[in-house]
Amino acid sequence: MTKDDVADALDEIGTLLELKGENTFRTNAYHNAARLIQQLPGDLAQMVADGKLAEVRGIGEALALKITTLVTTGNLPYLEDLRASIPAGLVKMLRLPGLGPKKVKALHDLLNIDSIEKLKAACESGEVAKQKGFGAKTQTRILEGIAYIDQVGHRVRIDLALPLGQALLEQIRTFPGVIRAELCGSLRRRKETVADLDILVSSANAQPIMDAFVKIPEVIQVLGQGPTKSSVVAGLHVHGTKVTLQADLRVVEDTQYPFALHYFTGSKEHNIRMRQRAIDRGLSLNEYALANETRSVPCKDEADIFAALDLPYIQPELREDTGEIEAGELKKLPALVADSDIRGVFHNHTTYSDGTASLEEMALAAKKLGFEYFGVGDHSQSLTIARGLPSNVVRKQWAEIDRVNAKLDGVRILKGSEVDILEDGSLDYTDELLAGFEYVVASVHSHFGMTEAEMTARVCKALSHPAVTMLGHATGRLLLKREGYKINLDEVLKVAAKHGKMIEINAQPSRLDLDWKYVKQAKAMGIPIVINPDAHSTGELALYTFGVQVARRGWLTKDDVFNTRGLADVMKELARRKQNPIV
DNA sequence: GCCGTTTTCGGCCCGACTGTTTTCAGTCG
């Protein structure tokens, strides 16, 4: 059982207990434990075996026992019993906006409703509105929610959400009376996907801004409008995709803005820690102030708030309560890598395989972005669907690279390949041909259905090959579409560290693996990370920025990322690795 | 369910908005 599986089980227990009407502090303990497990570094089974589980703050005797049962047996009778006692439809009903555990439980107790279908029928017949605590508006809202959940009740990738957020923000900034305005929430923390947009504005007069906001052309529906907070559904076409998201706008006084900015940036878990920190110092922190009955600490920006709580400024990407508070106390927060640190890229495609631009076009586009090197990583021969290169074409490409390099100025093409890791873990070219590349990206593109043990062994075998420089997209996931293949990344990282291999952050916004939680782990193990756009066109080279965001969420500094090095340094290191592979 | 130099019991972050209410519970973030 993976950490994610265990976390899912604990989350489910928390949710089911909520539906039973349990004390929220108890249910929160489960949700909190789920988060802790997910972000735990190292091997969970090993921790369980060593009896180290209860040492984690937030996991006590009861949770340690349940987690141990889950990890060692693969299931948990306590969860099975809970599931059996609560209809699965109730959990689905929780996804409807405006319906929480209390209302879902009431609907079940009063009207025996245990599915969205039954709920819809009961609303349409007017039964729901007759119940105590419910009314006509709630009934309508539920029906709207059932329709809404099909359209927008889902998460959206950051590359699609960001343009919509920025479109709204730009218009809001032109409203009269707006002093400061920013996108907050998970978008500001640069999560891979977001569920909604949080927009914060400071102004002396909120009402006109509220009124103007709901009239923005992108606004499809107004969900709610109060004196300082409005919620809408907004939509925009981004690269041909219709993006629809809920957007919440909050307006505060300008003196309150830093507190609100911090508050609405989250994460919730980070905020709870910060609040606790304020309480420890005899103060109360909320979205308006850091104060108590006798005094209020003025803060002109977020840095002042952190300083008032004896912390250095913490970048939004780190605010997940995964150690940033503790690192801040010790003055050990990383100086995060930035877009401007990236000097080149390694994993890209040209017209030789499934790219849309020539070698020279790609190299010139890379130069335009300020890169010193452009690494070609076209597909290898067995990936015929992507026109993988047979060995004779590889040699032809090398000759062209030499010709183009001879006339290029200020950018150099590096001879690489994205070599398939075959079913048995061997590589898709002969050792002789592999020796001719300046570097090799090894990736899995086939047989996704293997067991975890098989896939782990396959990738680990490839990583032990001396010709391999780095591992390409580590899990093969497609965000919001397809789970990655089953693989034990803890084991893969161990093998990568042992053989001195690098691991890629694939910057395609639809992929973004290695996931940031493992990026952090890889850094701790001393594994160099490479940020690759996996560009199939000149325009896609710019996607590297989404990889930088993952790197930042994974606490990486410039020194942790291989492609922040200049051309001379990179060529020297690649040559050194070829001379002395660690096997 | 967790946690403890105020502790092994009694706390556990906090405010806006909505709808169904005559003062507040539930939901949401």
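The rules behind the values
Residues numbered from 1 in each chain as written. Chains lettered and ligands numbered in written order. Predicted model: local features only at pLDDT ≥ 70, side-chain atom pairs only at ≥ 80, totals over all residues. Heavy atoms only, no water. UniProt positions renumbered as here; feature names shortened; annotations may be inferred. Near = heavy atom within 4 Å. Polar contact = N/O pair within 3.5 Å; in protein donor to acceptor, adjacent residues only side chain to side chain. Helix = DSSP H or I, 4+ residues; strand = E, 2+ residues; numbered from the N terminus. Buried < 20%, exposed > 50% of the residue type's maximum accessible area, 1.4 Å probe, protein only. Pairing = 2+ DSSP bridges. Domains from an automatic or database assignment. Contact = heavy atoms within 4.5 Å. Axes fitted to C-alpha atoms, helices over the stretch in contact; angles between N-to-C directions.

By the naming in an unreviewed UniProt entry, chain A is DNA-directed DNA polymerase, taken from Gemmata massiliana. Taken verbatim from the UniProt record of chain A, the Catalytic activity (unreviewed entry) comment is "DNA(n) + a 2'-deoxyribonucleoside 5'-triphosphate = DNA(n+1) + diphosphate".

Engineer: Is there a simple way to explain the protein's contact with DNA strand B in this structure?
Structural biologist: Around DNA strand B there are 46 residues in total, and G58, G60, G135, Y263 and R275 lie nearest to it. Sugar plus phosphate, as a fraction of atoms of DNA strand B within 4 Å of the protein: 76%. The separation between a phosphate oxygen of DNA strand B and a polar main-chain atom of K229 is 2.9 Å. Between DNA strand B and N286 there is a distance of 3.4 Å, counted from a phosphate oxygen to a side-chain nitrogen or oxygen. Counting residues per element, the ones that place at least two in the surface near DNA strand B are α2 (24–38), α4 (61–73), α7 (101–111), α9 (136–151), β4 (196–202), β5 (219–225) and α14 (268–280). Take the surface near DNA strand B: its biggest share by element is five residues, from α14.

Engineer: How do you make sense of the pairing of strand β6 (residues 229–238) when you look at a structure like this?
Structural biologist: Side-chain direction in a regular strand flips from residue to residue, so the side chains alternate between the two faces of the sheet. Among the 10 residues that make up β6, seven are buried, leaving the element largely enclosed by the rest of the structure. In sequence, β5 turns back onto β6 through a hairpin of three residues. Here 10 bridges tie β6 to strand β7 (residues 241–252), and the two strands are oriented antiparallel to one another. For V232, the partnering residue across the bridge sits in β7 and is A247.

Engineer: Would you explain the UniProt feature "domain: Polymerase/histidinol phosphatase N-terminal" (unreviewed entry) in chain A in this entry?
Structural biologist: The UniProt record annotates "domain: Polymerase/histidinol phosphatase N-terminal" (unreviewed entry) at residues 344–423. Helix makes up 34% of residues 344–423 and strand 19%. Its end C-alpha atoms lie 31 Å apart.

Engineer: Just to check I follow, could you spell out the domain arrangement of chain A for this structure?
Structural biologist: One widely used convention gives an interface's size as the accessible area the parts lose upon coming together. Domain annotation of chain A identifies domain 1 (3–151), domain 2 (156–252), domain 3 (258–329) and domain 4 (339–579). The distance between the C-alpha centroids of domain 1 and domain 3 comes to 30 Å.

Engineer: I'm lost on the sheet that holds strand β11 (residues 373–376) in this one. Help?
Structural biologist: One key point about sheets: their strands pair by backbone hydrogen bonds, in either a parallel or an antiparallel sense. Strand order in the open sheet made by the seven strands is β10-β11-β12-β13-β14-β15-β16, with parallel pairing throughout. The strands lining the two open edges of the sheet, one partner per strand, are β10 (344–345) and β16 (529–532). Here two bridges tie strand β13 (residues 439–443) to strand β14 (residues 470–471), and the two strands are oriented parallel to one another. Bridge pairing in β14 links A442 to L471. Along the sheet face, helix α23 (residues 544–553) touches β15 (502–506) and β16 and points at about 150° away from the line of β16.

Engineer: Help me understand the pairing of β4 in this model?
Structural biologist: Within β4, six of the seven residues are buried, leaving the element largely enclosed by the surrounding structure. Here four bridges tie strand β2 (residues 180–183) to β4, and the two strands are oriented antiparallel to one another. By the bridge assignment for β4, A181 is matched with V201.

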